[in-house]
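Structural characterization, general
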Amino acid sequence: MTPLKQILRHKIVAILRGFPAGDVMNIATALYDGGIRLIEVTLNSDDALHLIRKISIEFENKMLVGAGTVLTVKDARSAIDAGAKFLISPTLDVDVIKTAKDNAIVSIPGAYTPTEIFTGYKHGADIIKIFPAQTPDYLKQVLAPLNHVLLMPTGGIDVNNIDAYKKAGACSFGIGSSLVNNKEKVDDLYFKNITTKAKRFVEAIK
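The paragraphs below set out a description of the structure included in this document. Worth saying up front: this structure is predicted, and the values here are computed from it rather than measured.

Within this model, the largest pocket holds a volume of roughly 350 Å³. A per-class count over the lining of the largest pocket returns seven nonpolar, ten polar and three charged. There is about 260 Å³ of room inside the second largest pocket. Considering the residues around the second largest pocket, the lining is formed by 15 residues, among which E60, N61, M63, L64 and K85 are closest to the centre. Only helix 1 (3–10) and strand 3 (64–68) provide two or more residues apiece to the lining of the second largest pocket.

Below you can see the structure in the form of structure tokens.
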């Protein structure tokens, strides 16, 4: 199964941002135990490239690992070299899209307006990250004329509204603090709670 097909199948991308590097493998394990199969390590996290490489090796054929907050071509190349299978950005940069596509990597740039969304699509992006995701209704309105574009809302999505976003037409979802909150104390209970929350998210989109 190609990386793009894996994203479209499993849908939930867990965003790991700002965690101490020593906690990330345990977090990844807790997410996997809860049914999550897609992880994004943001490049503005400590030791991000090393973590992308390590998770990719430890969870080979189990979880798909990508890089987030990819802002430049240099970022893109570094993430690809580390083993990232998809690149996610909060912004739209045509050169970053091209770098991903030239290396057969899934491209998910960030956009918001219909013009930005279509520009990303036109330049080869596989999925457009709608950021910040405001409401399911906005997604529905955008997809009325652009129903051929795959959209991944990110920001503010939780177990209570994810079904509404799915019904509005989202193909996948970027989930951050409502699943993995870097402000909470990381201990055994934290890992257990991640697994529980992950199971709820997976169940919510069935």
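Continuing now.
Counting residues in hydrophobic clusters, the biggest one holds 60 residues, and the most contacted among them are L31 and L87. Here this core gets six residues from one element, more than from any other, and that element is helix 2 (residues 21–33). Not counting the four nearest positions on each side in its chain, L87 is found in contact with A67, V70, A76, A79, I80, A100, I105, V106, S107 and I108. By size, the runner-up hydrophobic cluster in this structure holds eleven residues, among which are I7, V13, L38 and M152.

A few words on the sheet that holds strand 7 (residues 128–130). An order of 6-7-8 is seen for the three strands of this open sheet, with the pairing classed as parallel. The two strands at the open ends of the sheet, each matched to only one other strand, are strand 6 (110–111) and strand 8 (151–153). Here three bridges tie strand 7 to strand 8, and the two strands are oriented parallel to one another. If you follow K129 over to strand 8, its bridge partner there is M152. Strand contacts of helix 6 (residues 114–122): strand 6, strand 7 and strand 8, with the helix running at about 160 degrees to strand 7, the strand carrying the most contacts. Contacting strand 7 and strand 8, helix 7 (residues 136–143) runs over the sheet at an angle of about 165 degrees to strand 8.

This part covers the packing of aromatic side chains. As enumerated under the stated definition, the model contains four aromatic pairs in all. Ring geometry for F118 versus Y121: centroids 5.9 Å apart, planes at 35 degrees, classification tilted. Of this pair, F118 and Y121 are both found in helix 6, three residues apart, which corresponds to roughly one turn of the helix. Measuring from centroid to centroid gives 6.1 Å for Y190 and F191, while their planes differ by 70 degrees, and the two rings are edge-to-face. For the pair formed by Y190 and F191, the shared burial category is buried. The side chain of R37 reaches across the aromatic face of Y32, ending 3.9 Å from its centre. Stacked on the ring of F131, the Lys or Arg K129 has its end atom at 4.8 Å from the ring centre.

What counts and what doesn't
Residues numbered from 1 in each chain as written. Predicted model: local features only at pLDDT ≥ 70, side-chain atom pairs only at ≥ 80, totals over all residues. Heavy atoms only, no water. 1 Å grid on protein atoms, 1.4 Å probe; cavity = no way out; pocket = protein on both sides within 12 Å on 5 of 7 lines; lining within 4 Å. Points joined across faces, edges and corners; volume = space filled by probe spheres on them. Nonpolar A, V, L, I, M, F, W, Y, C, P; charged D, E, K, R; others polar. Helix = DSSP H or I, 4+ residues; strand = E, 2+ residues; numbered from the N terminus. Core = buried A, V, L, I, M, F, W, Y, C linked by side-chain atoms within 4.5 Å. Buried < 20%, exposed > 50% of the residue type's maximum accessible area, 1.4 Å probe, protein only. Contact = heavy atoms within 4.5 Å. Pairing = 2+ DSSP bridges. Axes fitted to C-alpha atoms, helices over the stretch in contact; angles between N-to-C directions. Phe/Tyr/Trp six-rings, centres within 6.5 Å; stacked < 30°, edge-to-face > 60°. Lys NZ or Arg CZ within 6 Å of the ring centre and 35° of its normal.

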